[in-house]
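Residues per chain are reported as follows:
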Amino acid sequence: MANKTRGVLLWALCFIALTGDVFGTWLTNVYLYPNYLAVCPEARDVSSAVGVTVLIILALWALHKPSSIRESVMTPVALALYSFGFVFILMGLWQANAFLLVVGSAVHSVGSRWFVVLVGLALCRLNRKGCLLCIAAAFSASYLLRFPFGEGVGDGAIAVLFALGLATCLAARIPAASVLGAMAASEPARDASITQPAAYLPFAHTLFVAILLFRVAYGFALSFEAVEGVPNMTMLGLVPIALMLVVALLPRMPRVDVLYPVAALLIIAGFLAIIVLNGRVAYGAVVNGLLFTGSECFEMLVWFVLASIGARNPVNALAVFAWGRAASSFGLLCGATVGHWTAYLPNGLETSILVACVLFLFVTANLTLLKDFSFRGTIEGVAAAVPLRLAEVPKPSGALLGSKVEGSAAFDAGGAGCGADRDPATTMPEAKEAPNAAALPVEAVAAEFKLTPRETEILSMLAHGRNAPYIQEKLVLSRNTVKTHVQNIYAKLQVHSQQELIDVVESFI
């Protein structure tokens, strides 16, 4: 009963956090950003650019130095930046001061990006079905909350927007803290990805290309046919929400990839509507209905995919989620810029030509770069980063490991993770015993798989649980050189992780 109660509470916190983020985004686009037009329209673009930069910095930080990311420090700082930034924004709008508005937008964006990351990390705590249901419920709630915010509630909407940011942060902070704790106590993803490549999604993965591509369409929908800066939104976005709810409530959850072609077809239909109907009828509602429906469908899919990947390997969750949201925000910025350009085109023909070019690039990318891409395959292709199980071999009496070995995940099973004050390449718990180097049949394995002398050296270290930083230091090699050797060894042994390599060596004993 206690576990069930905790599970319900966890789901409720994730629901509140995600609802706050999604509804807050809508309030920002509809009630806050339009006020920028009279003072400094560029402040919106500054806010978006700063947000992208912050997310990229967080992703790289988590990749290289995760132990230094302290939630107890980051969240209070983010709350302060969010609050002060909001105050500067209001002062800039009240005094019609462009400088205050730009500064406030930038500072506010820094704090709010951390809130978005916390929401993503919180969703990593849910199982797949619970996560899918939470996303669908949160998007549904965000649409229902729009009804009370009709015309004439501008000031009230701004106050609600500020409160939503605080509620989002506080709700997401509790479930996200454990994910950040696991990440801080682990080996940096940049090093661990060398010996456990299947557990870490590279930043050049097709997933992030797909996110960028679809968010360009969403940004275009936000700005196309906008009236005085207010996006021309429709309630057709409820269609993908209903589809997501059906998928989540089915007894057996189907492939989430079904949402991808639906989103792509809706976006293609939206662009075609612009080309066909331009100059003939009032088509803004039709176009934005199709573009928003497709974009919302894909947005829900992205939340689910990033959360599922983070759940499979929490150690790398922050890096993956921050990078994914950076791609999303950058695509949004690019799409909005293209959408704004259409407003300055002198006639409908030039608008149709521009949209046709965007549509051509969208379809081309789907037929080439994304042709064989699978969201489900991407999720299941990420292996969990688990502690290594070293080979059981005879050991001479008194053979204890010295202090100059790595504190990799192989030695964290007992709970002694790598903290901020420990060097993961040189320290480890003293109670562990080393396998007998002579007892491991490394030479036999090397001969069987035709390894080079250097690869044999590295194989021996990997078989004894050594990590990449240790190998780099011991053999005086660069990171890229070690990475190349490890890739060659894995290819020859036909393995995908260090644990599989250890199992192969153990089979020769």
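For every chain, the first residue of the written sequence is number 1, and numbering continues from 1 along that sequence. Per-residue local features of the predicted model are confined to residues with pLDDT of at least 70, and side-chain atom pairs are confined, for both listing and counting, to 80 or more; whole-chain, interface and lining totals are unaffected and use all residues. Values reported for side chains reflect all heavy atoms of the structure, with hydrogen atoms and water molecules removed beforehand.

Participant: How should the nonpolar core be read in this particular structure?
Facilitator: The nonpolar side chains of a soluble globular protein tend to be buried, and buried together. Definition used in this section: a nonpolar core is a set of buried Ala, Val, Leu, Ile, Met, Phe, Trp, Tyr and Cys residues joined via side-chain atoms within 4.5 Å. Exposure is judged per residue with a 1.4 Å probe applied to protein chains only, and the accessible area is read against the type maximum: over 50% gives exposed, under 20% gives buried, and values in between give partly exposed. Membership of the largest hydrophobic core comes to 119 residues, with the highest contact counts inside it found for Trp 114, Leu 207, Phe 271, Phe 298 and Leu 318. Of all the elements, helix α11 (residues 284–312) adds the most residues to this core, at 13 residues. Once residues within four sequence positions are removed from consideration, Leu 318 is found in contact with Leu 58, Ala 62, Ile 69, Trp 114, Val 117, Leu 121, Leu 180 and Met 183. Core analysis: the next-biggest nonpolar cluster, separate from the first, contains 25 residues, Ala 468, Tyr 470, Val 482 and Leu 501 among them. Helix and strand assignments come from DSSP, with helices taken as H or I runs of at least 4 residues and strands as E runs of at least 2, each series counted from the N terminus. Here, residues are in contact when the closest pair of their heavy atoms is within 4.5 Å.

Participant: I'm lost on the confidence of the model for the protein chain in this one. Help?
Facilitator: Residues shown with low pLDDT carry predicted positions that ought not to be read at fine detail. Confidence in the prediction of the protein chain, expressed as mean pLDDT, is 81, and 81% of residues score 70 or more. One number per residue, pLDDT, summarises how confident the predictor is, and it ranges from 0 to 100. Confidence, expressed as mean pLDDT per element, reaches its minimum in the protein chain at helix α9 (residues 238–249) with 71 and its maximum at helix α4 (residues 98–123) with 96. For residues 395–438, every residue scores under 50 in pLDDT, and the model assigns this stretch 85 contacts once sequence neighbours within four places are set aside.

Participant: Can you walk me through the state of the cysteines in this structure?
Facilitator: By definition, a disulfide links two cysteine residues through a covalent bond between their sulfur atoms. By definition, disulfides here are pairs of cysteine sulfur atoms that lie within 2.5 Å. Under the criterion given, the structure shown has 0 disulfides. No disulfide involves Cys 131; its sulfur sits 6.7 Å from the nearest other cysteine sulfur, which is in Cys 134.

Participant: Looking at this model, I keep getting lost on unusual backbone geometry. Mind explaining?
Facilitator: When glycine is set aside, most residues are seen to have a negative phi, and most peptide bonds are trans. For Lys 450, which is not glycine, the phi torsion reads 60 degrees and is therefore positive. Within the element layout of this structure, Lys 450 appears in the loop between α15 (442–449) and α16 (453–463). Although it is not a glycine, Gln 494 sits at a positive phi angle of roughly 55 degrees.

Participant: For this particular structure, what's the right way to read the packing of α16 against helix α19 (residues 498–507)?
Facilitator: Helix-helix packing is described using two parameters, namely the angle between the two axes and the distance between the axes. α19 packs onto α16 with a crossing angle of 100 degrees between their chain directions and a minimal axis gap of 9 Å. On the basis of the axis angle, α16 is roughly perpendicular to α19. For the pair α16 and α19, contact is made by Leu 459, Leu 462 and Ala 463 and by Gln 498, Leu 501, Ile 502 and Val 505, respectively. Residues are grouped as follows: Ala, Val, Leu, Ile, Met, Phe, Trp, Tyr, Cys and Pro are nonpolar; Asp, Glu, Lys and Arg are charged; all remaining types, including Gly, are polar. Along the lines of polarity and charge, the residues of the contact of α16 with α19 split into 6 nonpolar, 1 polar and no charged. What counts as an axis is a line fitted to C-alpha atoms, over the stretch in contact for a helix, and the angles between N-to-C directions run from 0 to 180 degrees. For classification purposes, an angle smaller than 35 degrees is called roughly parallel, one larger than 145 roughly antiparallel, one from 65 to 115 roughly perpendicular, and anything else oblique.

Participant: How do you make sense of the packing of helix α18 (residues 479–493) against α19 when you look at a structure like this?
Facilitator: Two elements in contact, α18 and α19, have axes separated by 11 Å at closest approach and are oriented at 55 degrees. With respect to each other, α18 and α19 are oriented oblique. Crossing geometry of α18 relative to α19 is assigned as left-handed. For the pair α18 and α19, the contacting residues are Ile 489, Tyr 490 and Leu 493 in the first and Gln 498, Leu 501 and Val 504 in the second. Tallied by class, residues from the contact of α18 with α19 come to 5 nonpolar, 1 polar and no charged. Handedness of a crossing is defined here by the sense of rotation of the near helix relative to the far one, left-handed for an anticlockwise turn of less than a right angle and right-handed for a clockwise turn.

Participant: Would you explain the pattern of salt bridges in this entry?
Facilitator: One side chain can pair with another of opposite charge once the charged atoms of both are near each other. What makes a salt bridge here is a side-chain nitrogen of Lys or Arg within 4 Å of a carboxyl oxygen of Asp or Glu, nothing more. Tallying each qualifying case throughout the model produces 6 salt bridges. Between Arg 325 and Glu 299 there is a salt bridge, with its nearest N and O atoms 2.8 Å apart. Here Glu 299 lies in helix α11 and Arg 325 lies in helix α12 (residues 317–343), a separation of 26 residues in the sequence. In this pair, the class of Arg 325 matches that of Glu 299, namely buried. A salt bridge links Lys 492 to Glu 455; the shortest N-O distance between them is 2.9 Å. Of the two residues, Lys 492 is situated in helix α18 and Glu 455 in helix α16; the sequence distance between them amounts to 37 residues. Residue classification places Glu 455 among the buried residues on the basis of a relative accessible area of 5%. Where salt bridges share partners, they join Arg 215, Glu 299 and Arg 325 into one cluster.

Participant: Got a minute to help me understand the environment of Arg 376 in this structure?
Facilitator: Counting through the fold element by element, Arg 376 comes out in helix α14 (residues 375–380). Beyond its immediate sequence surroundings of up to four residues, Arg 376 is in contact with Arg 255 and Asp 257.

Participant: How do you make sense of α15 when you look at a structure like this?
Facilitator: Side chains that are three or four residues apart share a direction in an α-helix, a result of its 3.6 residues per turn. Where α15 is concerned, the buried positions are Val 442, Val 445 and Ala 446. Considered in projection along α15, the buried side chains sweep an arc of 100 degrees and stay on one side of the axis. Away from its buried face by more than 90 degrees, α15 exposes Glu 443 and Ala 447. Contact partners of the buried residues in α15: α16, α18 and α19. Remark: Lys 450 follows α15 within two positions and exhibits a positive phi of approximately 60 degrees. Each C-beta atom gives one direction from the helix axis, and the arc is the one those directions make.

Participant: Can you help me understand the environment of Leu 493 in this one?
Facilitator: Inspection of the secondary structure assignment puts Leu 493 in helix α18. Given the relative accessible area of 5%, Leu 493 is considered buried. In this structure Leu 493 touches Val 445, Phe 449, Leu 451, Leu 459, Leu 501 and Val 504, once residues within four positions along its chain are discounted.

Participant: Just checking my understanding: could you explain the packing of aromatic side chains for this structure?
Facilitator: Two aromatic rings are characterised by how far apart their centres lie and by the angle between their planes. Any Phe, Tyr or Trp ring, taking Trp's six-membered ring, that has another such ring centre within 6.5 Å forms a pair; planes under 30 degrees apart are called stacked, those over 60 apart edge-to-face, and the others tilted. For the structure on display, the rule yields 18 aromatic pairs. Taking the centre distance of 5.4 Å and the plane angle of 55 degrees together, the rings of Phe 214 and Tyr 260 count as tilted. Note that Phe 214 is positioned in helix α8 (residues 206–223) and Tyr 260 in helix α10 (residues 259–277), a separation of 46 residues in sequence. Both rings, one in Phe 373 and one in Phe 375, keep their centres 4.8 Å apart while their planes meet at 75 degrees; by these two values the pair is edge-to-face. What makes Phe 373 buried here is its relative accessible area of 14%. For Phe 375, a relative accessible area of 1% puts it in the buried group. The rings of Phe 214, Tyr 260, Phe 298, Phe 362, Phe 373 and Phe 375 are connected pair by pair, giving a single aromatic cluster. Charge-over-ring placement is defined geometrically: NZ (Lys) or CZ (Arg) within 6 Å of the ring centre, and within 35 degrees of the ring normal. The residue whose ring lies beneath Arg 146 is Tyr 143, and the NZ or CZ to ring-centre distance is 3.9 Å. In this arrangement the basic side chain of Arg 466 is found over the ring face of Tyr 470, its NZ or CZ atom lying 4.7 Å from the centre.

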